[in-house]
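Per-entry structural report
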Amino acid sequence: MAGHEFFDPADRKRPLADPTAAEPLAAEEPRQSCDPAFKHGVVVGFDGSTSSERALAYAIGMAHRSGSGSGLIIVHVANRLPTTVWAGCEPPVFVDVPDHRTEVLGLELACAEYLAEVPWILVERGGDICHELEEVGREYEADAIVVGSTHGIVGRIFGSVAGRLAKRAKRPVIVIP
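Residues numbered from 1 in each chain as written. Predicted model: local features only at pLDDT ≥ 70, side-chain atom pairs only at ≥ 80, totals over all residues. Heavy atoms only, no water.

1. Re the nonpolar core
- Ranked by size, the top nonpolar core spans 19 residues in total, and within it V44, L56, L72, I74, L109 and L115 carry the most contacts.
- Counting residues per element, the ones that place at least two in this core are β3 (42-45), α1 (50-66), β4 (72-78), α3 (101-111) and β7 (120-126).
- Ranked by residue count, the leading element in this core is α1, at five residues.
- Discounting residues that sit within four places of it in the chain, I74 has contacts with V44, F46, L56, L109, L115, W120, I121, L122 and V123.
- In terms of nonpolar packing, the next biggest core, distinct from the first, is built from 18 residues, F38, V77, A142 and A169 among them. (Core = buried A, V, L, I, M, F, W, Y, C linked by side-chain atoms within 4.5 Å. Buried < 20%, exposed > 50% of the residue type's maximum accessible area, 1.4 Å probe, protein only. Helix = DSSP H or I, 4+ residues; strand = E, 2+ residues; numbered from the N terminus. Contact = heavy atoms within 4.5 Å.)

2. Some words on the pattern of salt bridges
- Under the criterion given, the structure shown has seven salt bridges.
- Note that R125 and E132 form a salt bridge whose closest N and O atoms lie 3.6 Å from each other. E132 matches R125 in its accessibility class, with the two residues each being buried.
- With a shortest N-O distance of 3.6 Å, D128 and R168 are connected by a salt bridge. Taken together, the residues span a long stretch of sequence, with D128 in the loop between β7 and α4 (129-139) and R168 in helix α6 (residues 161-168) at a distance of 40 residues.
- When salt bridges with common partners are traced through the structure, they connect R125, E132 and E139 into a single cluster. (Salt bridge = Lys/Arg side-chain N within 4 Å of Asp/Glu carboxyl O.)

3. Topic: the environment of I121
- With respect to the helices and strands, the residue I121 is situated in strand β7.
- Each C-alpha atom of the pair I121 and L109 lies 9.7 Å from the other, and the pair is twelve residues apart in sequence.

4. Some details on the side chain of R171
- Residue position: R171 is located in the loop between α6 and β9 (173-176).
- Note on R171: relative accessible area 17%, which makes it buried.
- Engagement of the side chain of R171 in a polar contact is seen with the backbone oxygen of A142, the distance being 3.2 Å.
- Here R171 is in contact with E134, G137, R138, E141, A142 and I145, once residues within four sequence places are set aside. (Polar contact = N/O pair within 3.5 Å; in protein donor to acceptor, adjacent residues only side chain to side chain.)

5. A few points about unusual backbone geometry
- The phi torsion at H40 lies on the positive side, around 65°, for a residue other than glycine.
- When you line up the elements, H40 lands in the loop between β2 (14-15) and β3.
- Classification of H40 as partly exposed rests on a relative accessible area of 40%.
- At E141, a residue that is not glycine, the phi angle is positive and equals roughly 50°.

6. Thoughts on the pairing of β3
- On β3, burial covers both faces: V42 and V44 on one face and V43 and G45 on the other are all buried.
- As paired elements, β3 and β4 share four bridges and run parallel to each other. Bridge pairing in β4 places G45 opposite V75.
- With three bridges joining them, β3 and strand β8 (residues 144-148) adopt parallel strand pairing. The residue of β8 that forms the bridge with V42 is A144. (Pairing = 2+ DSSP bridges.)

Following this line, the structure appears as structure tokens:
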């Protein structure tokens, strides 16, 4: 069983604040309800990198070993930048950087034989990776979140996703080297 949960790209643009508006904007957009078949599954962050592939392999084994038929919630977080970074305008508005990788990753995963034994769903989100992984984990009441470790200069400067997620998550975080 395989599935995809794609959101309309037009839904991704959302202003955070508008000083001229009479009513403040809602802090949260209502999310689509999650598939109950994947409650208490394993969330895994996946972007196609080598470390995320190792995390996916571990998460597949974890979901397979659970024996309760728990599913795998594969999460790809698309890039999102505030317009103030490149346009210098106010109020800050988050704009998606064109990212068609979720569709490509979904097609690759749909053809992957190693996912045939485990029910899975691909969820695309936009925003901060740590926040979105924890949010998906909360929505699906996940038993754990599995992520790959970050290597390189970006992780050293800004802190690794795994490290930040482990500090703030409300459920177990498994970091795969």
